[in-house]
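Here is what each chain is made of, one letter per residue.
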Amino acid sequence: MGTENHIGTIFNIQRFAIHDGPGIRTTVFFKGCQLRCWWCHNPESHKTLPEKIDGCNLRRGFDQTFTLNKDDVGKEFTIDELIYEILKDRIFYDESSGGVTFSGGEPLMQSEFLCELLNECKSTGIHTTVDTSGFVSSKIIKVAAINTDLFLYDLKIMSDDLHQKYTGVSNQLILKNLIELDQLNKKIILRIPIVPELTDTNENLFAIRGFVSYLKNVIEVDLLPYHRAGEGKYIKYGKENKMKETESPDVQHLENIKQFFSELNCKIKIGG
Ligand code: SF4
């Protein structure tokens, strides 16, 4: 294929994904993230390099042809190897207006590898989506945007102090990049984690709605209710789970939030 010799570290590949953008998709999960959100249900994604974790069985999404040792999380791929995997389901993308989604972790942390992949996908006519926290240099996200059809963009907490407290980083760059993507007319689906008492406060939801009302290219807002699915991973990794007393929000409460956001001029959805 004549690609550059970039190598990327991937911790999962999920086929037939239907919640990560339009149609049927293959979602590729990149390892590495600079945030440490309290509610993260993919703590195995945080470190960029492959790692060994005792007793880990988190690679079920990988195609059977990949052989990983029982305790490995993450595998290195060349561009050609990953494109080969992505193209296997091409017929389903074509029939469902689907494509490929690059998620993580934070896919833009491996930006050269990601940009090369995006370029290859676009040159073969595959719809591309990038799922990002937005915490990346403006220069990098703009380069990635050239071959990205759709962004899934997290918007978590508008107070910078609280954002730093609950994710470990400032939100200033994240908000700046979101505004710039909007100005570039990139299509954006915003993803708001609904986490009791952290993101789900009247003050925060009001601030998010006000901010989003000025954006022109947000086609959908997804409300992602906190769930406890990641709990077992924290136990397995011996990591502190700061959310272990927290319950998922109830259905009626989520409907109320959906109603609250319905003033925005776009689709509002509960779930991804
Ligand atoms: S940005 Fe996503 S992957 Fe990174 S810590 Fe937060 S929830 Fe986890």
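Before going into details, it helps to say that this report is about the structure given with it.

The rules behind each value
Residues numbered from 1 in each chain as written. Predicted model: local features only at pLDDT ≥ 70, side-chain atom pairs only at ≥ 80, totals over all residues. Heavy atoms only, no water. Helix = DSSP H or I, 4+ residues; strand = E, 2+ residues; numbered from the N terminus. Rg over C-alpha atoms; globule rule 2.2 N^0.38 Å. Buried < 20%, exposed > 50% of the residue type's maximum accessible area, 1.4 Å probe, protein only. Contact = heavy atoms within 4.5 Å. Areas by Shrake-Rupley, 256 points an atom, 1.4 Å probe, with all protein chains shown as cover. Near = heavy atom within 4 Å. Nonpolar A, V, L, I, M, F, W, Y, C, P; charged D, E, K, R; others polar. Phe/Tyr/Trp six-rings, centres within 6.5 Å; stacked < 30°, edge-to-face > 60°. Patch = residues over 30% accessible without salt bridge, like charges linked within 9 Å, V, L, I, M, F, W, Y side chains within 5 Å. Salt bridge = Lys/Arg side-chain N within 4 Å of Asp/Glu carboxyl O. Pairing = 2+ DSSP bridges.

**Remarks on the overall build of the protein**
Next, step 1: What the protein contains, in helices and strands, is nine helices and 11 strands.
Next, step 2: A compact globule built from 272 residues would reach a C-alpha radius of gyration of about 19 Å, and the protein, at 18 Å, matches this within 12%.
Next, step 3: Seen through its principal axes, the protein has C-alpha atoms that stretch 50 × 45 × 35 Å.
Next, step 4: When each of the 272 residues of the protein is scored for burial, the buried share is 54%.
Next, step 5: Taking all contacts inside the protein whose residues are at least 6 apart in sequence as the whole, residues at least 24 apart take part in 69%.
Next, step 6: Split by element, the accessible area of the protein, about 12900 Å² in all, is 51% carbon and sulfur.

**Looking at the site of the ligand**
Next, step 1: Taken together, C33, L35, C37, C40, S45, H46, G105, S133 and K156 make up the full set of residues near the ligand.
Next, step 2: When grouped by side-chain class, the residues that make up the shell around the ligand number four nonpolar, four polar and one charged.

**Digging into unusual backbone geometry**
Next, step 1: Here the bond from G104 into G105 is cis, since omega is 15°, no more than 30 degrees from zero.
Next, step 2: With respect to the helices and strands, the residue G105 is situated in the loop between β6 (99-103) and α3 (111-123).
Next, step 3: Backbone geometry at S97 places phi at a positive 55°, although glycine is not the residue there.
Next, step 4: Look at N185: it is not a glycine, yet its phi comes out positive at around 60°.
Next, step 5: What makes N185 exposed here is its relative accessible area of 54%.

**As for the packing of aromatic side chains**
Next, step 1: Scanning the entire structure with this criterion turns up seven aromatic pairs.
Next, step 2: The interplanar angle of 75° and the centroid separation of 4.9 Å between the aromatic rings of F206 and F260 together place this pair among those described as edge-to-face. Of this pair, F206 sits in helix α7 (residues 202-212) while F260 sits in helix α9 (residues 251-261), and the two are 54 residues apart along the sequence.
Next, step 3: Between F260 and F261, the aromatic rings sit 5.3 Å apart at their centres with planes inclined by 85°, giving edge-to-face as the arrangement. Grouping residues by exposure puts F260 and F261 together as buried.

**What to know about a nonpolar patch on the surface**
Next, step 1: Taken together, F16, I91 and F92 make up a surface patch of nonpolar side chains, about 280 Å² in accessible area.
Next, step 2: Position of F92 among the secondary structure elements: in helix α2 (residues 90-96).

**Points about the pairing of strand β1 (residues 7-17)**
Next, step 1: The buried count for β1 comes to eight of 11 residues, which makes it a mostly enclosed element.
Next, step 2: In the sheet, β1 pairs with strand β2 (residues 25-30) via five bridges, with the strands oriented antiparallel. Looking at the pairing, Q14 lines up with T27 of β2.

**Topic: the environment of P50**
Next, step 1: Structurally, P50 can be placed in the loop between β2 and β3 (51-52).
Next, step 2: Sequence separation between P50 and Q252 is 202 residues; the distance between their C-alpha atoms is 41 Å.
Next, step 3: Beyond its immediate stretch of four places on either side in the chain, P50 contacts T9, K31, V73, G74 and E76.

On their own, these measurements won't tell you what the molecule is for.
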